[in-house]
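Survey of secondary and tertiary structure
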Amino acid sequence: MNLFGTLGQLFAIALALLLAPLLTGWVNQCRAWFQNRSAPPLLQQYYMLHKLFLKDVVLAHGASQLFRFAPFVVFGCMVLACAIIPTLSTDLPLAPAADTIALVGVFGLARIFISLAAMDIGTSFGSLGGRREMLVGFLAEPALLMVIFTTAMISQSTSVATIVETLAHRDFVIYPSLAFAGIAFTFVSFAENARVPVDNPATHLELTMIHEAMILEYSGRHLALIEWAASLKLYAYSCLGLALFFPWGIAQGASVSGLLLAIPALVAKLAIGGALLAGIETLNAKVRIFRAPEFLGTAFLLAVLGLLVRLLLETRI
Amino acid sequence: MNADISLSAQLINLFASVILLLAFAMLAQRRVLPLINLFALQGLTLCLSTLVVAFTTGQAHLYGSAALTLVLKAMLLPWILHRLVRQLQVRADVEGLINIPTTMIAGIVLVMIAFNVALPISQLSSTISRGTLGIALATVMLAFLMMIIRTKAIPQVVGFLAMENGLFLAATSATYGMPMVVELGIALDVLVGVIILGVFFFQIREQFDSLDIRNLEKLKER
């Protein structure tokens, strides 16, 4: 671990913390435009975080320590995930900390804590949201793992940095398996980030909400951390998707110019990806909660198909 | 690892994968009109894949097959089916005997079987597109599955046509297609089959007031 790598890693984390609310703001803005509404300002998320951090925390009577710790755990998990995923450079000191499977575990840890905290208060909405979150989570995780196994089979490694390095610096080869995996990954990230076909992030409508139901009891800085963590999760998933399926522009070696060149590439890719996300959300209707297993089952199926196609077509004996 | 595979082989593999994907999409589709559109899309992909094979290998008769596929499977048959649906005023969702997720799992199992069966066969072949034989077999099996689980007449016909797509892909990938005479014959068969089945649809509905072919299982009149 050298000094430059450490600095690069810190810079990537700082950038993630800064860019994540911006990405959420951009998606919300695009969505408002597509839906013919007047859009909130791009920096709306920052304003909200600022406001929430200044407010006092109100705790429910029955709240235990877990309820207070959970936002910090969730936030920490998301920051760690953002640090492991190669956003700017594949030369990461933190990369050996966790491979892709552990990365899925980090997301799982955050999910468990937020669900437990939701159930901790004992309100019906909290436990409802927690259960639904676990339902979505336990279906999304195997699909995500299958997607990752497909990419891991191509690069023969489960380390994210190695996978991205292999995929980014190859000859131009069409991998049909990657197309399957890409679609599956899109499905999974929609479900994981509480986007429209599974959950609507902009609603407090009682019967349909998942993520919002879990965080109803939070206020003040706790809520701010959770909102920030949600933005970071969207950012992490977007960056993981971009790194796996559109890895061009990510710096490989340790050089300042490489890092500086990677930033505009990342921002441009995130902007396009965010606009696409908003477009897909606008075009689709939210499905019933009992259709969510079907949606995620399709994702799992596509990921398995990707693996099979990889075995059949791309390994010549 | 993959550097020795030329661009055209990659394209063929890509198109074959798209055909497999569309076969699954058809299996999962609940409505009739999107089902027909998916079938048309599958025909188009098949045509493109055949074109790539024809261009790469210089087999002139494959251009004819591709043109035939385009006209028949991507345009004429979907158009006939669309017209039938309009005339029969079918609006209800397609009903399956088993639910969609179970169907999908069955489909995955079929794909695994098809891939395993096809692997040793495709190693005997020396064509550029031999890898896609497994996919062709899987498409045939998925179309079979669709015919088995669907209860309405139109999705069954679409399943039958999709099976023909799979067989065509198998022929192209294993032996660069069948002789032109055979292909013309099959094309004519399929066309005539769809037209006759279209007439059948009206008869079935007149008799039972529904397109549910489970009604045909009763042998005696009530």
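Since this is a predicted model, take the numbers as computed values, not measurements.

**Section: the overall build of chain A**
Helix and strand counts for chain A come out as 11 helices and 0 strands. Counting from the amino terminus, helix and strand elements in chain A follow one another as α-α-α-α-α-α-α-α-α-α-α. Relative to the compact-globule value of 20 Å for 317 residues, chain A shows a C-alpha radius of gyration of 19 Å, a close match. Expressed along its principal axes, the backbone C-alpha trace of chain A runs to roughly 65 × 45 × 40 Å. The 317 residues of chain A split such that 49% are buried.

**Comments concerning the overall build of chain B**
On a plain count of helices and strands, chain B comes out with 7 helices and 0 strands. Across chain B, helices and strands are ordered from the amino to the carboxyl terminus as α-α-α-α-α-α-α. Relative to its length of 222 residues, chain B is compact, with a C-alpha radius of gyration of 18 Å against a globular reference of 17 Å. On the principal axes, the C-alpha backbone points of chain B span a range of 65 × 35 × 30 Å. Taking all 222 residues of chain B together, the buried fraction comes to 43%. Considering only contacts within chain B whose residues lie at least 6 apart along the sequence, 74% involve residues at least 24 apart.

**Quick look at the interface of chain B and chain A**
On the chain A side, the residues contacting the 19 residues of chain B number 18 residues. Those elements that place two or more of their residues in the side of chain B that touches chain A are α1 (7-28) and α4 (100-124) of chain B. Top element by residues in the side of chain B that touches chain A is α1(B). It accounts for 8 residues. In terms of residue class, the side of chain B that touches chain A is made up of 13 nonpolar, 6 polar and no charged.

**A few points about the nonpolar core**
Residue and element names in this part refer to chain A. Core analysis: the biggest nonpolar cluster contains 168 residues, and Ala143, Ala184 and Ala303 have the highest contact counts within it. No other element matches helix α9 (residues 220-245), which puts 17 residues into this core. The residues contacting Ala303, other than those within four sequence positions of it, are Ala143, Met146, Val147, Thr150, Phe180, Ala181 and Ala184.

**Quick notes on the environment of A:Glu227**
Residues and elements named next belong to chain A. Along the chain, Glu227 falls in helix α9. You can call Glu227 buried: it has 20 C-beta atoms within 10 Å. It is 7.8 Å that separates the C-alpha atoms of Glu227 and Leu49, two residues lying 178 residues apart in sequence. Excluding anything up to four places from it in sequence, Glu227 contacts Met48 and Leu49.

Rules behind the numbers
- Residues numbered from 1 in each chain as written.
- Chains lettered and ligands numbered in written order.
- Predicted model: local features only at pLDDT ≥ 70, side-chain atom pairs only at ≥ 80, totals over all residues.
- Helix = DSSP H or I, 4+ residues; strand = E, 2+ residues; numbered from the N terminus.
- Rg over C-alpha atoms; globule rule 2.2 N^0.38 Å.
- Buried ≥ 20, exposed ≤ 12 C-beta atoms within 10 Å, placed from the backbone.
- Contact = placed C-beta atoms within 7 Å.
- Nonpolar A, V, L, I, M, F, W, Y, C, P; charged D, E, K, R; others polar.
- Core = buried A, V, L, I, M, F, W, Y, C linked by C-beta atoms within 7 Å.

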